[in-house]
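Results of the structural survey
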Amino acid sequence: MTESAAPLVESPSPLGTARAQLAKAVDVLGYDGGLHEMLATPRREITVSIPLRRDDGTIELFTGYRVQHNISRGPGKGGLRYAASVDPDEVRALAMLMTWKCAVVELPYGGAKGGVTIDPRRYSKAELERVTRRYTSEIMPMIGPERDIMAPDIGTDEQTMAWVMDTFSVNRGYTIPAVATGKPLAVGGSLGRLTATSRGVVHTARAALASAGVALSEVRVAVQGFGKVGSHATRFFAEAGATVVAVSDQYGGVQASDGLDVPALLAHVAATGSVVGFAGGDPIDNTTLLALDVDVLVPAAVEGVLDAETAGSVKAAWVVEAANGPTTARADAILADRGIVVVPDILANAGGVVVSYFEWVQANQAYWWTEREIEERLEHRMLEAYAAVAEAARTHGLTLRDAAMMIGVRRVAEAHQIRGLYP
Ligand code: GLU
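Within each chain, residues carry numbers counting from 1 in the order of the written sequence. Only residues with pLDDT of at least 70 get local features here, since the model is predicted, and only at 80 or more are side-chain atom pairs given and counted; chain-wide, interface and lining totals rely on the full set of residues. Calculated side-chain values reflect all of the structure's heavy atoms, with hydrogen atoms and water omitted.

On to the nonpolar core. Leu 39, Phe 237 and Val 298 are the most contacted members of the largest nonpolar core, which has 88 residues in total. Residue contacts are counted whenever heavy atoms from the two residues lie within 4.5 Å of one another. Once residues within four sequence positions are removed from consideration, Phe 237 is found in contact with Val 201, Val 202, Ala 205, Leu 216, Val 221, Ala 242, Val 244 and Val 298. Put simply, buried Ala, Val, Leu, Ile, Met, Phe, Trp, Tyr and Cys residues joined by side-chain atoms within 4.5 Å make one nonpolar core. For the exposure calls, accessible area comes from a 1.4 Å probe over protein chains only, and a residue counts as buried if that area is under 20% of its type's maximum, exposed if over 50%, partly exposed in between.

Written as structure tokens, this is what we have:
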């Protein structure tokens, strides 16, 4: 183990967490320092300046990144994040998670991630279009259906992906839908993609509960984060009969110990843009939500919310990670010691990239599947991956995270070993 690849002192930063998780997996797998360092280090990175002419005529400069953490099993794959907090290490961490995630669900992809340090809420749609088009054209040489495929993440959506696809295609002179996934249906998107991450979260939650003989209809759930993933997950949990007792977003949260009226909550969010102020519950803050007396806690927002401080007060028996990297390495150890089952991000939230893969396959074939085909294949793949991880956890006496990491890292290392080192 080399110090640059795995710092001995835990850093609660997303990259520190991702490296600590990798170091554990490398330890279980018995890999040497050289391979460890290869697995810990991004293959390619690009940093670009994005000058934006604002609607009022002034110019503002942003920085954008694309990191291809690993491309040994196939093209890079991963989302594009727009947030004020985006920095190169966060993008590196998220790209690394994509590598293991794609390997765990057996997609023929490596892992990548993009980001622009911008708070999208402060810019008009026209400004965001210009930022997206300039970012895309700056990273053009690195991306493409066989190189690296973009998708939505925090702060980006279907429209962003349509601009990415259009900018790439116009520059090449013909339409190339497979350069981005999570696109609108009208331009080669896939049925089921919008809700795929959330569906996957509920499929894996159901599987984790089932192994303890518990049904979704018996559990109380709290969901932190009400964006693209948390809102649909809340709906699917409620539709499966679970009692959703609390939800929150970046502005605050609401709770009702008898269960929230989820359709009414969704209508409130559609009308106001936030869960805050929903009349069918009492206010609750984001940190208190993590410590609620529930069965299932679903962090569906950002990295690092479960840390050495908050992990000790979690009362849920299951944590299902809809967000990427919500649990620091220290918190992970605390939760494991306390017997709390964590369904890790690289498994629980892989439904999004699974249907991204289906979208890419459909675009490559120029043949579109039915919603039923997509939903069935998604469920099948998520349950297969869950079963393989749970089996490895049982066999080796590991947590679900350590087992998922072991499987993902081993698949990537195998690709390196079989391909050999060039030159
Ligand atoms: N941004 C999503 C994730 O973190 C989806 C990535 C993709 O579909 O490529 O998994």
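Looking now at the side chain of His 416. Helix numbers and strand numbers start at the N terminus; a helix is a DSSP run of H or I with at least 4 residues, a strand a run of E with at least 2. Here His 416 shows up in helix α14 (residues 400–419). Within the local environment of His 416, its side chain forms a polar contact with the side chain of Ser 72, the two groups lying 3.2 Å apart. What His 416 contacts, discounting residues up to four positions off in sequence, is Met 38, Leu 39, Asn 70 and Ser 72. Side-chain atoms alone can form a polar contact between residues adjacent in sequence; in general such a contact is a pair of N or O atoms within 3.5 Å, and within protein one must be able to donate a hydrogen while the other accepts it.

A few words now on helix α5 (residues 158–172). Its 15 residues place the ends of α5 21 Å apart at the C-alpha level, agreeing with the 21 Å of an ideal helix rising 1.5 Å per residue. All buried positions along α5 are accounted for by Thr 160, Met 161, Ala 162, Trp 163, Val 164, Met 165, Thr 167, Phe 168 and Ser 169. The inward-facing, buried residues of α5 abut β3 (76–83), α4 (125–139) and β5 (148–152). Backbone geometry just after α5 places Gly 173 at a positive phi near 95°. A helix is expected to span 1.5 Å for every residue after the first.

This part covers the sheet that holds β3. One open sheet accounts for five strands, arranged β1-β2-β4-β3-β5; its pairing is mixed. Only two strands of the sheet have a single partner each, and these edge strands are β1 (44–53) and β5. If you compare each strand with its neighbour and ignore which way they point, the axes differ by 20° on average. What makes two strands pair is DSSP finding at least two bridges between them. Axes, fitted as lines to C-alpha atoms, cover a helix only where it is in contact. Angles between the N-to-C directions of the axes lie from 0 to 180 degrees.

Right, let's talk about the packing of aromatic side chains for a bit. Only centres within 6.5 Å qualify two rings of Phe, Tyr or Trp (six-membered ring in Trp) as a pair; their planes then separate them into stacked at under 30 degrees, edge-to-face at over 60, and tilted for everything else. Applying the stated criterion to the full structure yields six aromatic pairs. Ring geometry for Tyr 109 versus Tyr 357: centroids 5.8 Å apart, planes at 90°, classification edge-to-face. Taken as a pair, Tyr 109 in the loop between α3 (88–104) and β4 (111–117) and Tyr 357 in helix α12 (residues 351–365) lie far apart in primary sequence, 248 residues in all. The pair Tyr 109 / Tyr 357 is uniform in exposure class, with both members buried. Judged by centre distance (5.1 Å) and plane angle (65°), the rings of Tyr 109 and Trp 360 are edge-to-face. With Tyr 109 in the loop between α3 and β4 and Trp 360 in helix α12, this pair connects stretches of sequence that are 251 residues apart. The exposure classification of Tyr 109 matches that of Trp 360, with both residues buried. Here the guanidinium or amino end of Arg 199 rests over the ring plane of Phe 236, the centre of that ring lying 3.9 Å away. Comment: the charge-over-ring label is applied if NZ (Lys) or CZ (Arg) is within 6 Å of the ring centre and within 35 degrees of the ring normal. The positively charged end of Arg 377 is found above the aromatic ring belonging to Trp 369, 4.1 Å away from the centroid.

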